[in-house]
Amino acid sequence: MCSHVLLLLCLIISSSQSSSRAFSPQDYADALEKSLLFFEGQRSGKLPSDQRLTWRGDSGMSDGSPYHMNLVGGYYDAGDNVKFGFPMAFTITLLSWSVIEFGSSMGEQINNARTAIRWGTDYLLKAATTTPGTLYVQVADPNQDHRCWERPEDMDTPRNVYKVTTRNPGSDVGGETAAALAAASIVFKDSDPSYSAKLLHTAIEVFSFADNYRGSYSDSLNSAVCPFYCSYSGYHDELLWGASWIHKASSNTTYLTYIQSNGQNLGANNDDYSFTWDDKTAGTKVLLSTDFMEKKTEELQLYKAHSDNYICSLLPGTYTLQSQYTPGGLLYKESWSNLQCVTSTAFLLLTYAKYLSSNEEVITCGSSTVTAETLISLARKQIDYILGDNPANMSYMVGFGERYPLHVHHRGSSLPSIHEHADHIGCNDGFQYLYSTSPNPNILIGAVVGGPDSRDNYEDVRNNYQQSEPATYINAPFVGASAYFSAESPPS
C-alpha cells in the first residue's frame, strides 16, 4: 500500500502501470552480467585470450611510445577512440564503490567486476607513476578523433599525450584519480593485498600532488579537454572526494583531519542535487554519511544532514523536491546523456538505504518521514525503466530484452569487425557507416545509452549522440544497482 505521506512518489512509481512488468532477480542478474560485459567493448590495448566480445581487436598499442613511455591500456570513454582520464577515473571509482557496497550480491560476476576495475587501475597506475610530479590524463587529440569515424583497431589520428604538472596543475583529475585508486584498493584488499597496497600508496601520492599544486585541468589543457570533459564544477569537489576515499581506504587519521579542516572551503555546506563525472558533491556527502552512520564518527554528522537534503530533493511528495520526472517516471536531469544521472542517483539511493536500514534510521523531509524502503522503491523504478518498464516498452541496455537500441553511436560497434573486414577503413571512409540506417553489425552487449528525453521519447538514430551514445560512467553505477536487485525479492 502507498503511504499517505508520499502519495506522489507512489504515483511516479505506478505511472506506467498499464505497461508495468516485474523483473525477477534472474533478470537483474542478467543485466548485471551484461553491464560488466560492456566494459570489454571499451578496452584499449592488448586484449586478453578470454576476451568475450570477440569482434573487438587490439588497439592503441603504441600509446605513449612517441614520448618514450608506455600508456597502453585503459578504456575508451564512450563511442570515440579517446582515452579521457577524468571520466575513466570516475568510472573506476564507481565500479569500485559498486563492489564495496554490493559485491556480496554479485555471485560469480564478482570476478568480472574485479577484472573490469583492474583493467582501469593498471592504466591509472601507469599514468600516475611514469614521471615524478606528473599525471598523464589523456591520450589522443579529441578534436582530430571526432573528425573521423574509425574503428579503434584502425585509428590513425594523432595519439597525443596530455598531462598535468606542478606548473600546469589539475586538481580535479588528480583528486578523481586518487579517489579511483583508493576505492579500488578496498576492492583488492583481501584478494590481492600487495596490489591493494600499491593502489593506496599511489592514491596518497596523487592526492598530495593534486592538493599541493591547485588548479583546474581545464585551465591547463584548454581545448584538449574542453568542451568534451571540462571541469565545470571546479576542483574543490574532487579534493574532498579524493580525501574521503583515502580516509575510507586507510587507517590514517590525517585524512579525517583534512576533511574537518578543509571541508568548509571545499563545499561541505553546499547542497548539490546531481552526481556526475564532473560534480562529486552529492556522492561525497553520501560516502561520508555512511561512515557517520556506521562508525558514529561525530565529525561527519554535517554530511549526514546534507545527504538527507539530497535525498529529499529527489522525492516527489515533499516540498524539498528539486527534481524533474518524465511522464513515465524517469528522473530527468540532463538533455544530453541523462541516464548517467539516473544510474548514479539510483546507486546513491540504494547505498543510503543500505545504511539507513542497518542502523534503523529514517529521513525527515519536511513533515514527511522517509524510510529505506521508499528509497529502494524509487531506485527500482529507475532501473526498471532502463530495462524496459517504460512507455516505449524498450530497454535502454543493448542486448537486454526483446527491444533495445540498434543504432548505437559507437565507432567500433557500427563499423565492420576487424575480423570480418581486415582491410583498413580510413577516417572519412567510415562515415558511410555512421549515417547508415542499418543496425550496428557488432552488438555492444550491456551498453546503457544516453536515454530518452523529458517526454519519454527516444530516437534510435546513430548520429543522435545525445541519446544513443553509451559511456563507461553510465554503466559503472548501474553495476552496483543491478547487483543489489539481483539479490532482492521482487515487490509483492
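Just so you know, these numbers come straight off a predicted model, no measurement behind them.

Draft legend 1. Structural detail: the nonpolar core. The biggest cluster of nonpolar side chains holds 147 residues, and the ones touching the most others in it are L95, W97, L135, Y217, I363, L375 and L387. At 11 residues, the largest contribution of residues to this core is made by helix α13 (residues 339-358). In contact with L387, not counting residues within four places along its chain, are R21, F23, Y28, A31, S395, M397, F400 and F478.

Draft legend 2. Seen up close, the packing of aromatic side chains. Taken as a whole, this structure holds 28 aromatic pairs when the rule is applied. Taking 5.2 Å as the distance between ring centres and 80° as the angle between the ring planes, the aromatic pair formed by F207 and Y258 counts as edge-to-face. Note that F207 is positioned in helix α7 (residues 193-212) and Y258 in helix α10 (residues 254-262), a separation of 51 residues in sequence. This pair shows no difference in class: F207 is buried, exactly as Y258 is. Judged by centre distance (5.9 Å) and plane angle (90°), the ring pair of W241 and W245 falls under edge-to-face. Of this pair, W241 and W245 both sit in helix α9 (residues 236-249), separated by 4 residues, roughly a single helical turn. Here the two residues W241 and W245 agree in accessibility, since each one is buried.

Draft legend 3. Broad picture of the sheet that holds strand β1 (residues 83-84). The strand order across the open sheet formed by 3 strands is β1-β2-β3, and the pairing between neighbours is antiparallel. Among the strands making up the open sheet, the edge pair consists of β1 and β3 (161-165). Where β1 lies against strand β2 (residues 134-139), 2 bridges are found, and the strand directions are antiparallel. Residue K83 lies in a different strand from β2, and its bridge partner there is V139.

Cut-offs and rules
Every residue gets a number counted from 1 within its own chain, in the order that chain's sequence is written. Reporting in this predicted model follows two pLDDT cut-offs: at least 70 for local features of residues, and 80 or more for side-chain atom pairs to be given and counted; totals over whole chains, interfaces and linings ignore these cut-offs and use all residues. The basis for every side-chain value is the complete set of heavy atoms in the structure, and neither hydrogens nor water enter the calculation. Residues grouped as a nonpolar core are buried Ala, Val, Leu, Ile, Met, Phe, Trp, Tyr and Cys residues, joined through side-chain atoms within 4.5 Å. Exposed residues in this analysis have more than 50% of their type's maximum accessible area, buried residues have under 20%, and partly exposed residues fall in between, with area computed by a 1.4 Å probe over protein chains only. We count a stretch as a helix when DSSP gives it H or I for four or more residues in a row; a strand needs E for two or more, and each element gets its number in order from the N terminus. Two residues qualify as a contact provided that any one of their heavy atoms is within 4.5 Å of a heavy atom in the partner residue. Classification of ring pairs uses Phe, Tyr and Trp, with its six-membered ring standing for Trp, and accepts pairs whose centres are within 6.5 Å; under 30 degrees between planes counts as stacked, over 60 as edge-to-face, and the remaining range as tilted. Any two strands with at least two DSSP-identified bridges between them are counted as paired.

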